[in-house]
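Coordinate analysis (summary)
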Amino acid sequence: MFGFCTDPDTLSGLSWMACYLTTGKHMAIYWSVGTVLLLLAITAPAALAFGFAGASAARSRILPLSWLGRGYIAIVRGVPDIAFFLFFVIALDQFFEWIRHKAKCPDWDQPIRQGNDFVVCAEAKLPLGNAAQWVHETYGFFLAVLTFAIVFGAFAANVLFGAMRAVPRAQMETAEAYGMSPRQCYWRILVPQMWVYALPGLSNLWMVLIKATPLLFLLGVEDIVYWARELGGAKTARFTDYPHGDWRMWYFLALLVFYLMFTRVSEIVLDRIMKRLTHGQATSGGEAQRKAA
Amino acid sequence: MKKLLIGTAALAMLAGAAFAESHSVVRLGTEGAYPPYNYIDDDGEVAGFERELGDELCKRAELTCEWVTNEWDSIIPNLVSGNYDAIIAGMSITDERDEVIDFTQNYTQPDPSAFLAMEGMDLDMEGGIFAAQAGTIQASYIAEMGATLVEFATPDETIAAVRNGEADAVLADKAYLAPIAEESADLAFVGEDILIGGGIGLGLRESDGELREKFDAAIQSMKDDGSLNALIEKWELGATF
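Figured I'd write up the structure that's included with this text.

**Some points on the overall build of chain A**
Summing up its helical and strand segments, chain A has 10 helices and 2 strands in all. For chain A, the succession of helices and strands along the chain, N to C, is α-α-α-α-β-β-α-α-α-α-α-α. Over its C-alpha trace chain A gives a radius of gyration of 25 Å, far above what one expects of a compact globule, namely 19 Å for 293 residues. Over its C-alpha atoms, taken along the principal directions, chain A stretches across nearly 80 × 65 × 30 Å. By residue count, 46% of the 293 residues in chain A fall in the buried class. Taking the intrachain contacts of chain A between residues at least 6 apart in sequence as the baseline, contacts between residues at least 24 apart amount to 68%. As displayed, chain A offers around 15400 Å² of accessible surface, 66% of which is attributable to carbon and sulfur atoms.

**Considerations on the packing of aromatic side chains**
Residue and element names in this part refer to chain B. For the structure shown, the criterion picks out 23 aromatic pairs over all chains. Geometrically, the ring pair formed by Y39 and W235 is edge-to-face, given 6.5 Å between the ring centres and 65° between the ring planes. Here Y39, found in strand 3 (residues 38-40), pairs with W235, found in the segment after helix 9 (227-234); they are 196 residues apart in sequence, far enough to count as distant. In this structure, Y39 and W235 share a single accessibility class: buried. Taken together, the ring pairs in this structure connect Y34, Y37, F49, Y107 and Y176 into an aromatic cluster.

**Regarding the sheet that holds strand 3 of chain B**
Strand order in the open sheet formed by 3 strands is 2-3-4 (chain B), with antiparallel pairing between adjacent strands. One side of each edge strand has no neighbouring strand; the edge strands of this open sheet are strand 2 (33-34) and strand 4 (46-47) of chain B.

Rules used in this analysis
Residues numbered from 1 in each chain as written. Chains lettered and ligands numbered in written order. Predicted model: local features only at pLDDT ≥ 70, side-chain atom pairs only at ≥ 80, totals over all residues. Heavy atoms only, no water. Helix = DSSP H or I, 4+ residues; strand = E, 2+ residues; numbered from the N terminus. Rg over C-alpha atoms; globule rule 2.2 N^0.38 Å. Buried < 20%, exposed > 50% of the residue type's maximum accessible area, 1.4 Å probe, protein only. Contact = heavy atoms within 4.5 Å. Areas by Shrake-Rupley, 256 points an atom, 1.4 Å probe, with all protein chains shown as cover. Phe/Tyr/Trp six-rings, centres within 6.5 Å; stacked < 30°, edge-to-face > 60°. Pairing = 2+ DSSP bridges.

Take it as geometry only, folks, not as evidence of what the structure does.
Below, the structure written as structure tokens:
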């Protein structure tokens, strides 16, 4: 990075540190911070969408749809995250490849399952075997987003399902009395009012999601905790220009600060959203706002 | 949810179609945390004995290869489901693993494993507590020995466990422990070296016979012209062929 970094053995103190913190390997950890933030930025709305769909399905009057929603919530909430991440992602990947295999190689005569192996034709591979590394990484990343969205979507669905029930019955009755159709009642009365009940639960989920990112490495996506462990581990002089002892404590301390700051910012933002949602609602919070105004 | 799934599948298919081209790339999966066999160097690239070996093997077999890192715990499941095509991660050939995947011929001699403990430690082989990386031949060796086994996900953590007293000693490949013992005054080898496993080989899917033959031939050619021995000596892995 810097010109004086060519011979790290001669350096000491600050200049050594400056070189050490800008090695290619450290660049990877800075990148992974971006990866984690991007993952959260995409996963949160995706999980919310899954949650909303799940909750709407669960309270649907069409019975099979309601079973589907309730089943999704119950099953995904019940399976341990780590099992879900180990098993489900591989299954999902194989499911995609199987669909592609059926579509692209209709005259393939060998079985897809050969003992332990999962074999599809080369054109059905996802991503293709000869695709660039970044394609593989992006694909892995989106598998991760999808898995996170499904897992956290189930929890969000449960929260939203509860929130929908918490909206005062009188509100719905009034809407019906005005002659609104069930669809109108749902979209104009229920949905706008439920968020204030859902937000405490959803903000909990968000905090858990922030801290669940180390599960990424199970999917081959290298996140900050992986790099902190890798960089902090003791290094002998034979394999690096920057030998050092076990520094994992310092790296994890940096992570701690990062996560604490992140959760603090989240709290502030969530507080603001809560204030806005409470405005004009028939809750004690909304009532307090009305009196203060 | 279903619509989303199908939508994503369709999207993935479209994205995949854009890269349809038929010269093949062999993806090599490694752990990147087990020097001198494989580790991540200062530039963030895979390096070590297996990096050099793998690149040379691919050159000889006329394959285009790419390196991927994967956690040790899920390294076999990801191979059999096709996320990469070969494991080259200091994996010893054992009967247990051979039931699930296939191995090429070994490219190192059975590497002696050794116990590393705090200086001046007396080892109690029966009642002692030993650290090993989970899913390794050393872990099963300790379990069979009847001593208490504490397992860790990474090799690095096994050393830390000895340092902080969680374990009396760590059992691992000697080539991995040697540079650590050399540089730390507080750690030393204890007891005799033990030979376990049938040497290290490349792990491949059982259905991938063709690729296995290619790598087998490449390893053989490196054994024949002595270049494999030169590599083993360069990285100080112990016995040559």
